[in-house]
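# Coordinate analysis (summary)
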Amino acid sequence: MYPQGNACRLNKELNFKCLIFIVSNPFLTLTYEPALESLGDDFYDRVTAASFPQHRLRFRNDAVLPKLGLDAKNVKDEDFVEAFGLFEGVRPFLALRYHGHQIAGYGQVYNPELGDGRGFLYGQVRGVDGQLYDFGTKGSGQTPYSRRGDGRLTLKGGVREVLAAEALHSLGVKTSRCLSVVETGEDLWRGDEPSPTRSAVMVRFSRSHIRFGTFERLRYCQRPDLISQLLDHVITTYYPDIELDGDYQLRFFQALVGRVAKLVAQWMAAGFCHGVLNTDNMSITGESFDYGPFAFMPAYNPRFTAAYFDYEGFYCFGNQPAICRSNLEKLKTALSPILPVAEMDTALKIYETAYADHYIALMLRRLGIANTTALDPTLAEQLINQTLTCLATSQREYPSFFATLRQTFNPGWRDSPDLILENADLGEADWDQWRILYQQSLAKLSPAEFEAVESTLQYANPLTDLLRPRIETVWAAIAEEDNWQPFNELVQKLQTGN
Ligand code: AMP
Ligand code: MG
């Protein structure tokens, strides 16, 4: 498969030097599997990357390397640059074809002019866990789907996606990660960044780049045969628990409904607003990916909206569960040529309950309670509702509220509500009522469950937030002084939960 060809780019005669490259660059000697490529060229266009004037490694994600069976000690910066920055002269990569429903005012419209416009599928590899992963680029040049775009990614866009993914990962959200960011030395012009701004190529490590919109395109093209082929590929590759008999394609849809409900619950508990929940940004694996104008919500507010172009707040924080359900409906329509709509409708009915169950479990975890069944459902619901009401009324910062719980926990909370966050600056709200409900909940835990509260608070509540001011501070150091230290330190903190 093509990434290996990269080594020979530097030396077409395959001389000794080139052999050393082949042997020594661990990314080029990975076993790439042509999983998507072998489905046939109805699904992609072969493209080559742009040439860039500069290749400076700005980020390498050593935390991901063990998944590839690699040891960071044995991977040089030059290996990243050679594999994930210098694409010239390499065999074509795959720009994936897809359509999607995109935001338009307070709603979505179908856009048949999408597709990988500034990225491509670099290769697919099997992780040490046996699962197939994609390396996907962003900012690697124009493709047939670039429309009027330049096919580039801003360095700030790359930095923001790295941070989003690491923060979400540390909050337990199933997300793609970034493997590398290479600065590419071009001036870019963007309406949403002071311009000219710097360019980069990012490589994303994700489960899949097959989107809801990939299926929407196949329906639009009236190709039920390809819908079925791609669906079978998705099921065998990403849903190995589904037995390939009877109504297995329908069981896939049920499983996806469950996965999406869980993912949205993870975003909501994390306080994350994705920003652009177009159907082309929804992965068929139920993994979170593609972070553009995302934002973590500063204080609890269901109307909080991340994307500057989302004037009506269609993709606001509180709308995310409903939007994702409606995106599943769009996928249902895309699959309708091969699957019975009535049965997909039945499958969709589990969405609300699945979402609520996951959300309650995750919010209880943020409150230190790992075992959801330890509380009766009414008390659990009351506690969570009161937490949200107090956070909304007081406008206390969402991430730091939970960090403060983690930092100030003491076993006396089980008996005395007055001790709970007694010295914290919580702002005006009915915190006394919240304290009573929290104390009552802690009192319901068995000794072993109560023993676990401290560690649950720790792993559920990272100390470092990724609110916008923090990102802007890190970016300002890069933009003004080319100082990457604050960025590196922030990544480190996000990765360790400290
Ligand atoms: P996104 O908002 O990143 O999900 O992208 C939506 C669509 O616009 C996709 O088809 C992208 O490939 C395309 N796109 C976004 N930015 C650019 C760009 N700078 N050049 C070319 N295509 C782009
Ligand atoms: Mg996208």
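To keep things clear, this report deals only with the structure shown in the data block. (Residues numbered from 1 in each chain as written. Chains lettered and ligands numbered in written order. Predicted model: local features only at pLDDT ≥ 70, side-chain atom pairs only at ≥ 80, totals over all residues. Heavy atoms only, no water.)

## Here we look at the overall build of the protein chain
Regarding its fold elements, the protein chain presents 17 helices and 12 strands. With the C-alpha coordinates aligned to their principal axes, the bounding extent of the protein chain is approximately 75 × 55 × 45 Å. Looking at the protein chain residue by residue over its 498 residues, the buried ones come to 58%. Within the protein chain, residue pairs in contact and separated by at least 24 positions form 72% of the contacts whose partners lie at least 6 positions apart. (Helix = DSSP H or I, 4+ residues; strand = E, 2+ residues; numbered from the N terminus. Buried < 20%, exposed > 50% of the residue type's maximum accessible area, 1.4 Å probe, protein only. Contact = heavy atoms within 4.5 Å.)

## Here we look at the environment of His169
Note that His169 resides in helix H4 (residues 155–170). Linking His169 and Gln495, residues 326 residues apart in sequence, is a C-alpha distance of 8.0 Å. Those residues within four positions of His169 in sequence are excluded, and the remaining contacts are Thr175 and Arg177. A distance of 3.1 Å separates the side chain of His169 from the side chain of Arg177, its partner in a polar contact. (Polar contact = N/O pair within 3.5 Å; in protein donor to acceptor, adjacent residues only side chain to side chain.)

## Remarks on the site of ligand 1
As a structural note, the neighbourhood of ligand 1 is formed by 16 residues, with Gly115, Gly117, Arg147, Asp150 and Gly151 the closest of them. Within the backbone of Gly151, an N or O atom sits 2.8 Å from a nitrogen atom of ligand 1. Considered on its own, ligand 1 offers 480 Å² of accessible surface; in the complex 80% of this is hidden by protein. Its residues assigned to classes, the shell around ligand 1 shows two nonpolar, seven polar and seven charged. (Near = heavy atom within 4 Å. Areas by Shrake-Rupley, 256 points an atom, 1.4 Å probe, with all protein chains shown as cover. Nonpolar A, V, L, I, M, F, W, Y, C, P; charged D, E, K, R; others polar.)

## Re the coordination of the magnesium ion (ligand 2)
The protein atoms that coordinate the magnesium ion (ligand 2) are Asn281 (OD1) and Asp290 (OD), at distances of 2.0 to 2.2 Å. No difference in accessibility class separates Asn281 from Asp290, as the two residues are buried. (Donors = N, O, S within 2.8 Å, 3.2 Å for Na, K, Ca; no water.)

## Re the pairing of strand E4 (residues 100–103)
Where E4 and strand E5 (residues 108–111) come together, four bridges link them in antiparallel fashion. Across the sheet, residue Ile103 finds its bridge partner in E5, namely Gln108. Two successive antiparallel strands, E4 and E5, enclose a turn made up of four residues, where Gly105 displays a positive phi of approximately 65°. (Pairing = 2+ DSSP bridges.)

## Digging into the packing of aromatic side chains
Throughout the structure, instances matching the rule amount to 36 aromatic pairs. On the basis of an interplanar angle of 5° and a centroid distance of 4.5 Å, the ring pair of Phe93 and Phe120 is categorised as stacked. A residue pair is termed long-range when its members are at least 10 positions apart, and Phe93 in strand E3 (residues 93–96) and Phe120 in the loop between E5 and strand E6 (121–126) qualify at 27 residues. When sorted by exposure, Phe93 lands in the same class as Phe120, which is buried. Aromatic pair Tyr106 and Phe314: ring centres 5.1 Å apart, planes at 75°, arrangement edge-to-face. (Phe/Tyr/Trp six-rings, centres within 6.5 Å; stacked < 30°, edge-to-face > 60°.)

## Digging into unusual backbone geometry
Omega for the peptide link from Ser195 to Pro196 comes to 5°, which places this bond in the cis form. With respect to the helices and strands, the residue Pro196 is situated in the loop between strand E9 (177–188) and strand E10 (197–206). Within the chain, Gln395 stands out as a residue other than glycine whose phi angle is a positive 55°. Looking at the secondary structure, you find Gln395 in the loop between helix H11 (377–394) and helix H12 (398–408). Taking relative accessible area as the criterion, Gln395 reaches 42% and is therefore assigned partly exposed. Phi angles above zero are rare outside glycine, and Asp482 is one such case at about 50°. Tracing the backbone through its elements, the reader meets Asp482 in the loop between helix H16 (468–481) and helix H17 (485–496). Judged by relative accessible area, which is 33%, Asp482 ranks as partly exposed.

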